[in-house]
Each structure stands twice: as C-alpha cells, then as structure tokens.
Amino acid sequence: MQERLEIDVEGKQLQITNPEKPLWPEIGLRKIDFIRYLIEVSPYFLAYARDRLLTTIRYPHGVEDGKSFYQKNIPKHAPDWISTHVWRDTRYILVQDLATLIWLGNQACLEFHVSFNTRQRERMPTELVFDLDPSDGDHFERVLEVALNIKKVLDGLGLSSQPKTSGATGLQIYIPIEPIYTYEEMHLLNKFIAQYVAAKYPRQVTLERWIKNRGDKLYFDYLQHGEGRTLPAPYSPRARPLGSVSAPVRWSEIERGFLPENFTMLTMPERLKKQGDLFASITTQRQNESLDEMLGFLRERGM
C-alpha cells in the first residue's frame, strides 16, 4: 500500500500520507478520494470560507473510529505559508487557497466550520442566519416544513434567503446583508423572528434549549448566530457514515422534500456540474438586504 503521494498544488509541494486510508469506510471513501472531493468543490467552498476564522474537527482514523478533536489554533507543524488571524488569543487558520485546504484534508480535518464574520470585520457578520435544529434527527420532514413557514415570514418582510443543509440533521437559512450591523443587532432580529415564528407555529417550533423539554418540536436556535460561534461551511463534509455534506438547496427542493443524506461527497460534484453553485446568491452574486427598517421598528418599541 502506498504510504505517501506528492502533489503540486499552486506551486506548493504537498505530501498526502496514507492516501488509501479509509476515512468513510461505509461508502468506501479513502483519504485520496476525500482530497479529490476537496479539489472539485474548492472554488465554491473557498468563495465563502476565505477570510473566515476556521475551526476544524479532525478524525485521525476516520469516522468509523469515532475519535475526534476540535482544532482552532494552527498546529506548530503547519507550513509557514498558511495564512492566520489572531482573535482572542487564538491563532486561527484562514483557508485562503486550495493548497491550505488540501493540507488540512491530509491532516484528516473532515469537517470545516467557519465564523459568521470575516477577519476584516470581527464584530459584524456578513449574513443574518437562522439555524433549525431538530430534537429528533429521524423527522427531517419537520425541518423542511418549518423552513417553508419561515420563508413565508421572510417573503412578507421582502427579504431574499438561501437555505442549506447542515449536512447532519439540521438546516440553515442565510440572508445576505451589508457587514455594517453588529452581532448585538443581529441577535435582536434573530430573537424577534424566532419568537414570532414560535408563536405563530406553536405546535411545530420551540425556543426551549433543554432537549428533554422540547418534545417533538423543532428548536429554533437563535443563539447560534453569534460572535465566536460557527456553522459548517457550504460543501463541507460531515463525519457521518454516508459522507453527507452541507449542501445549498433550492426552496423548490424543500417543497418537494429530501433527506440530508441525499447530498454526499459522492453526489455533490455531479450536482454542481448540473445545477451550479446555489450558494452564489450569498457569495459571488449576492444582493445585500438592508435591515435598517426592521431594526428601527424594534427600537421604537423598546426591544
């Protein structure tokens, strides 16, 4: 079995160690297959992840072993050409290019979670994001139903939105905005909309943080969209047996219904060829929404 493979990535010589190592054994996906996937999706992944503080989850022996750890600080053995940014005494990696992404892939960083803000504006997120977190991962249809109800609210407010799966059991909804609003302002809006949705659909939605008290309702996690917090980057794999990824989707797909495991490292490259980058509405083709009117409305009411 080949122990290492040398490849040239953008003028940098990288070693892929143990390229035949099974990382997702249930679907027969080896490290070299993982690296190929990262290369294929890199233009779309980097369009969003670039300049954001990165937290990875490393699985040195693959997902079946189950042993993992979070990595925020750049390792001491990392190449000196990798870009970083220091925030609150942590030197975060910035995934600025394909070479950095491939180096991380070789370290068995199987999940990539990024900040809501870029390094240039540390206290101002680039989107307003809603995170839908099911208490029971076996009822994903409830997530889709609630997402459609939230879209009705957003449409009523005249706000465009882009959904994506978490790659696990949840779903997120992104609204592109100018990075001029603080996290405190976003928390105010997120909480207000969450409370409105929970009041309007009380049989479906809860704001209860304790899982044991949620019953079968969907948790609207308005606290996740905050400073120092993260969500999976679009197209990031997740450490799930079937190799599912955080996939941007169309609202029409949510209406028809699907399962998170419909979008995997095995299917995503072909999906991108056929449908293009659905997250372009948040990256390269974004039209930022103004939240001034909504914030003014809340302030007038002392919220």
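As the structure is a computational prediction, the values presented were derived from the model and not from experiment. (Residues numbered from 1 in each chain as written. Predicted model: local features only at pLDDT ≥ 70, side-chain atom pairs only at ≥ 80, totals over all residues. Heavy atoms only, no water.)

1. Concerning the overall build of the chain
Helices and strands together make up the secondary structure of the chain, namely seven helices and 15 strands. On C-alpha atoms alone, the chain measures out to a radius of gyration of 19 Å, which is about the 19 Å that the 2.2 N^0.38 rule sets for 303 residues. The principal-axis extent of the C-alpha atoms belonging to the chain is close to 65 × 40 × 40 Å. Residue burial in the chain is summarised as follows: out of 303 residues, 54% are buried. A fraction of 67% describes how many contacts in the chain between residues 6 or more apart in sequence connect residues 24 or more apart. (Helix = DSSP H or I, 4+ residues; strand = E, 2+ residues; numbered from the N terminus. Rg over C-alpha atoms; globule rule 2.2 N^0.38 Å. Buried < 20%, exposed > 50% of the residue type's maximum accessible area, 1.4 Å probe, protein only. Contact = heavy atoms within 4.5 Å.)

2. Some words on the layout of surface pockets
Estimates place the volume of the largest pocket at around 240 Å³. Around the largest pocket sit 18 residues that line it, and Asp131, Asp133, Gln172, Gln224 and Leu231 are the ones nearest its centre. Of all the secondary-structure elements, those providing two or more residues to the lining of the largest pocket are strand E10 (127–134), strand E12 (171–176) and strand E15 (230–232). Tallied by class, the residues present in the lining of the largest pocket amount to five nonpolar, seven polar and six charged. (1 Å grid on protein atoms, 1.4 Å probe; cavity = no way out; pocket = protein on both sides within 12 Å on 5 of 7 lines; lining within 4 Å. Points joined across faces, edges and corners; volume = space filled by probe spheres on them. Nonpolar A, V, L, I, M, F, W, Y, C, P; charged D, E, K, R; others polar.)

3. Thoughts on the packing of aromatic side chains
Within this structure, the stated rule accounts for 10 aromatic pairs. With a centroid separation of 5.5 Å and 75 degrees between ring planes, the pair formed by Phe45 and Phe112 is classed as edge-to-face. Separated by 67 residues along the polypeptide, Phe45 in helix H1 (residues 31–49) and Phe112 in strand E9 (residues 109–118) bring together distant segments of the chain. When its relative accessible area of 2% is taken as the criterion, Phe45 is described as buried. Relative accessible area serves as the criterion here: at 0%, Phe112 is assigned to the buried category. Centroid distance Phe258 to Phe263: 5.1 Å. Interplanar angle 75 degrees. Geometry classified as edge-to-face. Take Phe258 and Phe263: they sit in the same class, and that class is buried. Linked through ring pairs, Tyr48, Tyr174 and Phe279 together constitute an aromatic cluster. Over the ring of Tyr219 we find Arg214, and its NZ or CZ is 4.0 Å from the ring centre. (Phe/Tyr/Trp six-rings, centres within 6.5 Å; stacked < 30°, edge-to-face > 60°. Lys NZ or Arg CZ within 6 Å of the ring centre and 35° of its normal.)

4. Some words on helix H6 (residues 268–275)
Every buried residue of H6 is listed here: Met268, Pro269, Arg271 and Leu272. When H6 is viewed along its axis, its buried side chains cluster within an angular range of 160 degrees and face the same direction. Along H6, exposed side chains directed more than 90 degrees from the buried face belong to Lys273 and Lys274. Next to the buried residues of H6 lie H1 and helix H5 (251–256). Just past H6, the residue Gly276 takes up positive phi, approximately 80 degrees. (Arc of directions from axis to C-beta.)

5. Describing the domain arrangement of the chain
Per the domain assignment, the segments making up the chain are domain 1 (4–118) and domain 2 (127–301). Distance from the C-alpha centre of domain 1 to the C-alpha centre of domain 2: 25 Å. Here domain 1 packs against domain 2, burying approximately 2,700 Å² in sum over the two surfaces, 67% of which is carbon and sulfur. When residues of domain 1 are sorted by the area they lose upon contact with domain 2, Tyr37, Tyr48 and Phe116 head the list and together hold 30% of the total. Between Arg238 and Glu111 there is a salt bridge, and its shortest N-O distance comes to 3.0 Å. The interface formed by domain 1 and domain 2 holds 10 residue pairs in polar contact (both at pLDDT 80 or more) in total. For the side of domain 1 that touches domain 2, the elements supplying multiple residues, two or more each, are H1, strand E5 (52–58) and E9. The class makeup of the residues in the side of domain 1 that touches domain 2 is 17 nonpolar, four polar and five charged. (Domains from an automatic or database assignment. Buried area = accessible area lost by both parts, 1.4 Å probe. Salt bridge = Lys/Arg side-chain N within 4 Å of Asp/Glu carboxyl O. Polar contact = N/O pair within 3.5 Å; in protein donor to acceptor, adjacent residues only side chain to side chain.)

6. Focus on the packing of helix H4 (residues 183–200) against helix H7 (residues 292–300)
In helix packing, the relevant descriptors are the interaxial angle and the interaxial distance, both defined with respect to the helix axes. Taken N-terminus to C-terminus, the directions of H4 and H7 make an angle of 80 degrees; their axes are 11 Å apart at the nearest point. In terms of their interaxial angle, H4 and H7 are classed as roughly perpendicular. Residues Glu185, Leu188, Leu189, Phe192 and Ile193 of H4 touch H7, and the partners they reach there are Met294, Leu295, Phe297, Leu298 and Arg299. Each residue belonging to the contact of H4 with H7 can be placed in one class, and the counts come to eight nonpolar, no polar and two charged. (Axes fitted to C-alpha atoms, helices over the stretch in contact; angles between N-to-C directions. Parallel < 35°, antiparallel > 145°, perpendicular 65-115°, else oblique.)

7. Thoughts on the pattern of salt bridges
Taken as a whole and assessed by the stated rule, the structure comprises 15 salt bridges. Among the salt bridges present, the one from Glu227 reaches Arg88, with a minimum N-O distance of 3.8 Å. Placement of Glu227 in the loop between strand E14 (218–220) and E15 and of Arg88 in the loop between strand E7 (84–87) and strand E8 (90–94) is noted, with a sequence separation of 139 residues between them. Residue Glu227 is classed as partly exposed on the basis of its relative accessible area of 25%. If you follow the salt bridges from partner to partner, you end up with Glu20, Arg30, Asp33 and Arg36 in one network.

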